[in-house]
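# Close look at the chain arrangement
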Amino acid sequence: MNIGIIGYGKMGKLRHGVIGKMGGHKVAHICDPVTYQGDFRYSSDPDELINDTGIEAIFICTPNYLTKDLVVRSLDSGKHVFAEKPPGVSSDQMNEMMAAEDRNPSQKLMFGFNHRYHESVRTAKQHVDSGEYGRILWMRGRYGKSVDETFFENWRSERSRAGGGILMDQGIHMLDLLMHFAGGFDEVKSFCSNLYWKLDVEDNVFALLKNSENNIVASLHSTMTQWRHLFALEIFLERGYMVINGLITSSMSYTTPSGEEVLTIATNRTPPPQAMHASEQRFVYSDDSSWETEINDFFKAIENSTPIPSGTSRDGLKLMKMIERIYQNGSQQGQPH
C-alpha cells in the first residue's frame with residue numbers, strides 16, 4: 001500500500017521509520033506545516049493528502065484537538081486510518097469518528113494504544129487469561145515523568161488543544177492497560193490536581209477504579225511531578241502475582257536502571273504470616289518490537305478484511321468515557337483538573 005502521514009513530528013517520524021523497516025509498504029505522501037524533502041510527496045494542506053487518490057491508508061500523528069476532523073475526513077475519502085492516542089479530546093468526538101466508521105464499513109480505523117503490544121504486557125495477559133493463577137484480586141499502576149519549564153511551550157500544556165493534562169498525555173496508556181486486564185470499571189474515585197505547575201491541565205491524577213462484577217480494584221497514579229521517569233504495573237491474583245517494571249520506549253528513559261523491561265511472575269506462595277514465593281520467573285526484554293507488531297496488525301486487518309484486533313473505536317470510546325469520569329469525579333472532590 002501507499003501510506004500517507006499527517007503530522008511529521010516525533011510520532012510521525014517514528015511511524016515512518018517502522019513502516020520503512022517492515023517493507024512491503026511505502027510512505028508516499030507526508031503533510032506537515034514544516035517543509036520536508038525526501039522520497040515522498042510533501043504538502044502543508046491535509047486536504048491534499050486526504051484527497052490523494054494514490055494513498056490507501058493514512059496515519060494521523062497530530063495534536064489531540066485535530067484528530068477527530070482528520071479521522072472523519074480521511075474515512076469519508078475512502079482511506080483506512082491509523083490515529084495516535086488519545087482518540088480526540090472527548091467521548092463526543094469519539095462518537096463522531098465511530099459514525100464515520102459506520103458510514104464507511106469497508107475502511108479500517110485503529111488507534112495507537114501501543115503499550116498493549118509490549119512483550120511484557122502480552123506475556124502477562126496470556127498468563128492471566130489462562131486462569132492458571134486464579135482470578136485477579138487487585139492491580140496498581142504507576143506511570144510518571146519529569147518535565148521542566150519548557151513544557152509550558154508545548155501544546156500539551158493547553159487544555160484547549162490537549163483536552164487534558166498528564167492523564168490524557170501518558171496516564172491514558174496505563175488506564176488502557178488496567179481496563180485491558182480487568183475488562184472495564186464501573187466505579188471511580190479520583191483526585192486531580194495542578195498544585196505544582198499551576199497550568200490549566202492537571203499534573204497529578206490519583207484514581208481508584210472498581211469492576212464490581214469481578215470485584216477487581218485498581219489504583220492508578222499518573223504524574224508529571226515524578227522527577228524521574230517511571231513505569232510500574234502490578235497484578236495480584238489468587239495464586240501469585242505479576243509485576244512489570246520498566247518499559248522499553250524510543251527514549252529508553254522508562255527502563256530499569258539496567259536498561260531493560262522486566263516481567264516478574266511469582267507463584268507457589270507458602271503459608272502466611274511470613275509468606276514466600278517458592279517459584280519466581282523473570283522475563284527480561286531489551287528490545288522493543290511493539291511498534292512493528294501493532295502496525296502489522298493494522299495492515300493485516302486491511303489486507304485480509306478482518307476486524308481490528310486491538311485499539312478499536314469501541315476500545316477508544318470506553319477509554320474516553322472512563323477518562324471523563326475520572327476528571328469529573330476528581331473535580332467534584334474539590335481539586336482542579
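Summing up its helical and strand segments, the protein chain has nine helices and 14 strands in all. In terms of overall size, the protein chain behaves like a compact globule, its C-alpha atoms giving a radius of gyration of 20 Å where 337 residues would be expected to give roughly 20 Å. Dimensions of the protein chain, computed from the C-alpha atoms along their principal axes, are close to 65 × 45 × 40 Å. In the protein chain, which comprises 337 residues, the share counted as buried stands at 55%. Sequence separation of at least 24 residues holds for 68% of the intrachain contacts in the protein chain that already meet a minimum separation of 6. Here the protein chain displays about 14800 Å² of accessible surface, and carbon together with sulfur accounts for 48% of that area.

Here the focus is the environment of Tyr143. Structurally, Tyr143 can be placed in strand S7 (residues 136–146). Classification of Tyr143 by relative accessible area gives buried; the value is 4%. Remark: the alpha-carbon pair of Tyr143 and Glu202, spanning 59 residues in sequence, is separated by 14 Å. Ignoring anything within four residues of it in the chain, the contact list for Tyr143 reads His115, Gln170, His173, Met174, His221, Ser222, Thr223, Leu230, Phe231, Leu247 and Tyr254. There is a polar contact of 2.8 Å between the side chain of Tyr143 and the side chain of His115.

We now examine the environment of Thr223. Summarising the element assignment, Thr223 is placed in strand S10 (residues 216–223). Take Thr223: its relative accessible area is 2%, and that puts it in the buried class. Considering only alpha carbons, one finds Thr223 and Lys145, 78 residues apart in sequence, at a separation of 6.5 Å. Other than its neighbours up to four places away in sequence, Thr223 contacts Tyr143, Gly144, Lys145, Ile166, Gln170, Asp203 and Asn204. Here Asn204 takes part through its side chain, which lies 2.7 Å from a polar atom of the side chain of Thr223.

Right, let's talk about the nonpolar core for a bit. Formed by 65 residues in total, the largest nonpolar core has its most connected members in Met139 and Ile326. Contacts of Met139, omitting those with residues within four sequence positions, involve Leu178, Phe181, Ala182, Phe185, Ile216, Val217, Ala218, Ser219, Glu234 and Ile235.

Now for the pattern of salt bridges. Applying the stated criterion across every chain, the model contains 20 salt bridges. Bridged by salt links that share partners, the residues Lys85, Lys145, Arg156 and Asp169 form one connected network.

This next bit is on the packing of aromatic side chains. The tally for this structure, following the rule as stated, stands at 15 aromatic pairs. Between Phe59 and Phe82, the ring centres sit 4.9 Å apart and the planes meet at 25°, which makes this aromatic pair stacked. Of this pair, Phe59 sits in strand S4 (residues 57–60) while Phe82 sits in strand S5 (residues 80–84); the two residues are 23 residues apart in sequence, bridging distant segments of the chain. Given a relative accessible area of 0%, Phe82 falls into the buried group. Put simply, the rings of Phe59, Phe82, Phe298 and Phe299 touch in pairs and so form one group of aromatic residues. The positively charged end of Arg159 is found above the aromatic ring belonging to Tyr327, 5.7 Å away from the centroid.

Moving on, we get to unusual backbone geometry. Omega for the peptide link from Lys85 to Pro86 comes to -10°, which places this bond in the cis form. Assignment of secondary structure puts Pro86 in the loop between S5 and helix H4 (91–103). With a phi close to 60°, Met252 is a non-glycine residue in the positive phi region. You can see Met252 is positioned in the loop between strand S12 (240–245) and strand S13 (261–269). By relative accessible area, which is 38% here, Met252 ends up partly exposed. We note that Ser305 has phi near 55°; this positive angle belongs to a residue other than glycine. Within the element layout of this structure, Ser305 appears in the loop between helix H8 (290–304) and helix H9 (313–332).

This part is about the pairing of strand S11 (residues 225–237). One ladder, built from nine bridges, connects S7 with S11; its direction is antiparallel. Each bridged residue has a counterpart across the sheet, and for Gly141 the counterpart in S11 is Leu233. Here S11 folds back onto S12, and the loop between the two strands holds two residues.

Moving on: the packing of helix H1 (residues 10–22) against H8. Between H1 and H8, the shortest axis-to-axis distance is 10 Å and the interhelical angle comes to 75°. Of the possible angle classes, the one that applies to H1 and H8 is roughly perpendicular. Mapping the contact onto sequence places Met11, Leu14, Arg15, Val18, Ile19, Lys21 and Met22 in H1 and Trp291, Glu292, Glu294, Ile295, Asn296 and Phe299 in H8. A per-class count over the contact of H1 with H8 returns eight nonpolar, one polar and four charged.

Moving on, we get to helix H3 (residues 64–76). Residues of H3 that are buried: Asn64, Thr67, Lys68, Leu70, Val71, Val72, Ser74 and Leu75. In the segment just after H3, Gly78 is the residue with positive phi, at about 90°.

Thresholds, definitions, all that
- Residues numbered from 1 in each chain as written.
- Predicted model: local features only at pLDDT ≥ 70, side-chain atom pairs only at ≥ 80, totals over all residues.
- Heavy atoms only, no water.
- Helix = DSSP H or I, 4+ residues; strand = E, 2+ residues; numbered from the N terminus.
- Rg over C-alpha atoms; globule rule 2.2 N^0.38 Å.
- Buried < 20%, exposed > 50% of the residue type's maximum accessible area, 1.4 Å probe, protein only.
- Contact = heavy atoms within 4.5 Å.
- Areas by Shrake-Rupley, 256 points an atom, 1.4 Å probe, with all protein chains shown as cover.
- Polar contact = N/O pair within 3.5 Å; in protein donor to acceptor, adjacent residues only side chain to side chain.
- Core = buried A, V, L, I, M, F, W, Y, C linked by side-chain atoms within 4.5 Å.
- Salt bridge = Lys/Arg side-chain N within 4 Å of Asp/Glu carboxyl O.
- Phe/Tyr/Trp six-rings, centres within 6.5 Å; stacked < 30°, edge-to-face > 60°.
- Lys NZ or Arg CZ within 6 Å of the ring centre and 35° of its normal.
- Pairing = 2+ DSSP bridges.
- Axes fitted to C-alpha atoms, helices over the stretch in contact; angles between N-to-C directions.
- Parallel < 35°, antiparallel > 145°, perpendicular 65-115°, else oblique.
- Nonpolar A, V, L, I, M, F, W, Y, C, P; charged D, E, K, R; others polar.

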